[in-house]
Amino acid sequence: MNTVVGSGSLITFPTLLAFGYAPVTANVSNNVGLVFGSVSGAIGYRRELKGQRERIRRLGVGSVLGGVLGAVLLIVLPAKTFEVIVPVFVALAVVGVLVQPRLSDWIGHRRGEPSVHGGAPAVLAAGVAGVYGGYFGAAQGIMLLAVLGLLLDETLQRLNGLKNVLTGLVNGCAAVVFIVAAHVDWGAAALIAGGSLLGGQIGARYGRRLPPAALRGLVAVVGVAAIVQLLT
């Protein structure tokens, strides 16, 4: 889901909550595990990434800085703050997934002056998405696709490949911070890592054939379940 649609954390994060993990521990362990899925998805989209090295270098700066800042905020802010904010984030992520077809259509039919790298606005957008992703990563990929699609003159498939790399940078930098300064449940992280590593390859190879509406419906159901779990 992360490779093809985004918002895979709306599956893994609620699953950890259902098994009794504390919200912050679940988020940290989920982030560490999904780093491997991001790498796997980026490798799977290597064909679409050809010719984007300079773009990745520029936008990657924003993603790295944003991911570190978001991870630090998760650690220094009280756990209660996370528990209060995350239901709102999950709700916004679900809405983002459900409106993705309209966003994609808007992006696909936009008109404007071609832009190779998107300039400072694209770097800023990558940074803001990175802060969000470092703190709580669900739907950061959708955020990136929507914003970068408006700023870059590029096809959606190539933007999706770029999205996989940038989210991988965010998750990777946040994971380093979490490993050093937070509690990671390594059993949960390892299971998610194994599943996401395999899922990244499956998503890159076969995911485009799956009905997008079915995936969005699943995300919506799981997202609502996560909100209920967090509020009870």
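Above: the structure in question.
Please read these numbers as outputs of a predicted model, since none were measured by experiment.

## Looking at the environment of Lys-50
(1) Moving on: Secondary-structure assignment places Lys-50 in the loop between helix 2 (23–44) and helix 3 (53–76).
(2) Moving on: Relative accessible area serves as the criterion here: at 62%, Lys-50 is assigned to the exposed category.

## Examining the pattern of salt bridges
(1) Moving on: Counted by the stated rule, this structure contains six salt bridges.
(2) Moving on: Residue Arg-57 pairs with Glu-54 through a salt bridge whose shortest N-O separation is 2.5 Å. One end of the pair is Arg-57 and the other is Glu-54, both in helix 3 and three residues apart, which spans about a single turn.
(3) Moving on: On the basis of relative accessibility, which here comes to 31%, the residue Glu-54 falls in the partly exposed class.
(4) Moving on: Its salt-bridge partner being Arg-55, residue Glu-154 comes within 3.0 Å of it at the nearest N-O pair. Note that Glu-154 is positioned in the loop between helix 7 (140–151) and helix 8 (156–181) and Arg-55 in helix 3, a separation of 99 residues in sequence. Summarising the burial analysis for this pair, Glu-154 and Arg-55 share the class buried.
(5) Moving on: Sharing partners across several salt bridges, the network here consists of Glu-54, Arg-57 and Arg-58.

## Description of helix 7
(1) Moving on: Taking 1.5 Å per residue as the helical rise, helix 7 with its twelve residues ought to reach 16 Å, and the 16 Å between its terminal C-alpha atoms agrees with that figure.
(2) Moving on: Three or more residues of helix 7 are buried, namely Gln-140, Gly-141, Ile-142, Leu-144, Leu-145, Ala-146, Leu-148 and Gly-149.

## Overview of the packing of aromatic side chains
(1) Moving on: In total, this model carries seven aromatic pairs according to the counting rule given.
(2) Moving on: Each ring, one from Phe-82 and one from Tyr-135, has its centre 5.7 Å from the other, and the planes form 55 degrees; the classification is tilted. In this pair, Phe-82 sits in helix 4 (residues 79–98) while Tyr-135 sits in helix 6 (residues 119–135), placing the two residues 53 residues apart along the sequence. Take Phe-82 and Tyr-135: they sit in the same class, and that class is buried.
(3) Moving on: Aromatic side chains Phe-82 and Phe-136 sit 6.1 Å apart centroid to centroid with 75 degrees between the ring planes, which places their arrangement in the edge-to-face category. Of this pair, Phe-82 sits in helix 4 while Phe-136 sits in the loop between helix 6 and helix 7, placing them 54 residues apart in sequence. Of the two residues, Phe-82 and Phe-136, both sit in the buried class.
(4) Moving on: Feature note: the residues Phe-13, Phe-82, Phe-89, Tyr-132, Tyr-135 and Phe-136 constitute an aromatic cluster, connected by ring pairs.

Definitions and cut-offs
- Residues numbered from 1 in each chain as written.
- Predicted model: local features only at pLDDT ≥ 70, side-chain atom pairs only at ≥ 80, totals over all residues.
- Heavy atoms only, no water.
- Helix = DSSP H or I, 4+ residues; strand = E, 2+ residues; numbered from the N terminus.
- Buried < 20%, exposed > 50% of the residue type's maximum accessible area, 1.4 Å probe, protein only.
- Salt bridge = Lys/Arg side-chain N within 4 Å of Asp/Glu carboxyl O.
- Expected span 1.5 Å × (residues − 1).
- Phe/Tyr/Trp six-rings, centres within 6.5 Å; stacked < 30°, edge-to-face > 60°.

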